[in-house]
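# Breakdown of the fold
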Amino acid sequence: MKKSLSVIIPNYNGKHLLEAYLPSVLQAVKKAEVPFEIIVIDDGSKDQSIDFIEQNYPEINLLVNDKNRGFSYTCNQGIKAAQYELTFLLNSDVRLTEDYFEKQWKYFQHEDTFGVMGRIMSADGSKIEDAARILFRKGCRLKANRFYYSTDPNEQNAYTAYLSGANALVDTKKLKELNGFDEIYSPFSSEDSDLCLRAWLVGWKCYYEHQSICFHQVSGSTKTQIKSDFIKKIYYRNRFIFHKIHLNGFRGWIWPAYLFLLEVLPKLILGKSWMMASYKEYLQHIPQVKASRATIVSLQKKHNSELEVQDIIDKINDSISNKNVVFL
């Protein structure tokens, strides 16, 4: 059941993270006993990341961006270079357990599997930070911040709305057919939820495996290095873009008014001036949004899929309706 493996790790000023966590990655892939490659893509680091890799891990395929370009672009360079059957998208601030991959091979027996993710624990192991996600609506917004996991250790049908970009094991061929992450979301945020929703809409499934465990140093590589107002501006801009791409029907029709009156205006009234910058940048991306929507429609036609977002919501909800699950 095992398959060959390309590990893709984006890096930005993360020498300290690579020092701390790369050993666990090597240990896990060697324990898996499959052909593998590790690809580190440096996104314009100013620290000694490149020297560290070259001096200590000459076997790693090191790609270097010409300048800082953001998460989506950086990961996509690794995706294009990936040679093996499965691609493991991994953050540089994640520590893997030695047997991380052991429970995940079985999911790829199914032709319609897009990918699987494992349980993400806090760095100290005190709490679960990420598990399977339920997709639901709140007004015009699509939300996926309700977590669950099955109490059955043999569960193989724990669907998740999306795979965290921190530890997603995906089918390389399918990932490349989707052209990786949509770079409309550069420099960061919402790209993993968009990627997996596109996979679902094409007819491919995303799973969660509770027995695969990793530990995450939250915000270890990005948020500590960027001013918080900038993060908020990009976060909200990308959420607006995500909804513009994926909302259809009545909700898609009323989205412009909903967005301005219920999302943008209240924050401006509260003095959150960065929201106007988010909104303006969102409007500037509308031509790219239309291109992204058209790409999804084209892929659905190719794969004879008529699935809509509501079908994904229903599928995930139906899958847990008669099971013993724990909600977080």
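Cut-off values and rules
Residues numbered from 1 in each chain as written. Predicted model: local features only at pLDDT ≥ 70, side-chain atom pairs only at ≥ 80, totals over all residues. Heavy atoms only, no water. Helix = DSSP H or I, 4+ residues; strand = E, 2+ residues; numbered from the N terminus. Buried < 20%, exposed > 50% of the residue type's maximum accessible area, 1.4 Å probe, protein only. Domains from an automatic or database assignment. Contact = heavy atoms within 4.5 Å. Buried area = accessible area lost by both parts, 1.4 Å probe. Salt bridge = Lys/Arg side-chain N within 4 Å of Asp/Glu carboxyl O. UniProt positions renumbered as here; feature names shortened; annotations may be inferred. 1 Å grid on protein atoms, 1.4 Å probe; cavity = no way out; pocket = protein on both sides within 12 Å on 5 of 7 lines; lining within 4 Å. Points joined across faces, edges and corners; volume = space filled by probe spheres on them. Nonpolar A, V, L, I, M, F, W, Y, C, P; charged D, E, K, R; others polar.

## Regarding the environment of Phe114
Structurally, the position occupied by Phe114 is in strand 6 (residues 113-122). Classification of Phe114 by relative accessible area gives buried; the value is 0%. Along the backbone, Phe114 and Thr172 are 58 residues apart, and their C-alpha atoms lie at a distance of 8.8 Å.

## Observations concerning the domain arrangement of the protein chain
On domain assignment, one finds that the protein chain holds domain 1 (5-223) and domain 2 (224-303). On a C-alpha basis, the centres of domain 1 and domain 2 stand 24 Å from each other. In this assembly, 30 residues from domain 1 lie in contact with 30 residues from domain 2. Of the roughly 2,700 Å² buried between domain 1 and domain 2, counting both surfaces, carbon and sulfur atoms make up 58%. At the boundary of domain 1 and domain 2, one finds two salt bridges. Put simply, Lys302 and Glu177 hold a salt bridge, and the shortest N to O gap is 2.9 Å.

## Comments concerning the UniProt feature "domain: Glycosyltransferase 2-like" (unreviewed entry) in the protein chain
Here the UniProt-annotated "domain: Glycosyltransferase 2-like" (unreviewed entry) positions come out as residues 6-177. Secondary structure content for residues 6-177 is 25% helix and 35% strand, and the end C-alpha separation is 16 Å.

## Considering unusual backbone geometry
Peptide bonds are mostly trans, and most non-glycine residues show a negative phi. Cis geometry marks the peptide bond from Ser186 to Pro187; its omega dihedral reads 10 degrees. Phi at Ser190 is positive, roughly 80 degrees, even though this residue is not glycine. With respect to the secondary-structure elements, Ser190 resides in the loop between helix 4 (172-177) and helix 5 (191-202). Located in the positive-phi region is Asn304, a residue other than glycine, with phi close to 55 degrees. On the accessibility criterion, Asn304 (73% relative accessible area) is exposed.

## Focus: empty space enclosed by the protein
Over the atoms rolls a probe the size of a water molecule, and its path tells where empty space is left. All told, the structure shown has one cavity of 30 Å³ or more when counted by the stated rule. When its volume is computed, the largest cavity comes out at roughly 60 Å³. Ranked by residues supplied to the lining of the largest cavity, first place goes to strand 11 (residues 205-216) with four residues. Per-class residue counts for the lining of the largest cavity are three nonpolar, three polar and three charged.

## Comments concerning the layout of surface pockets
The volume enclosed by the second largest pocket comes to roughly 220 Å³. Contributing to the lining of the second largest pocket are 13 residues, with Asn248, Ile296, Val297, Gln300 and Leu307 lying nearest its centre. Elements that contribute at least two residues to the lining of the second largest pocket include exactly helix 6 (228-246) and helix 9 (286-302). Per-element accounting of the lining of the second largest pocket gives the leading share, four residues, to helix 9.

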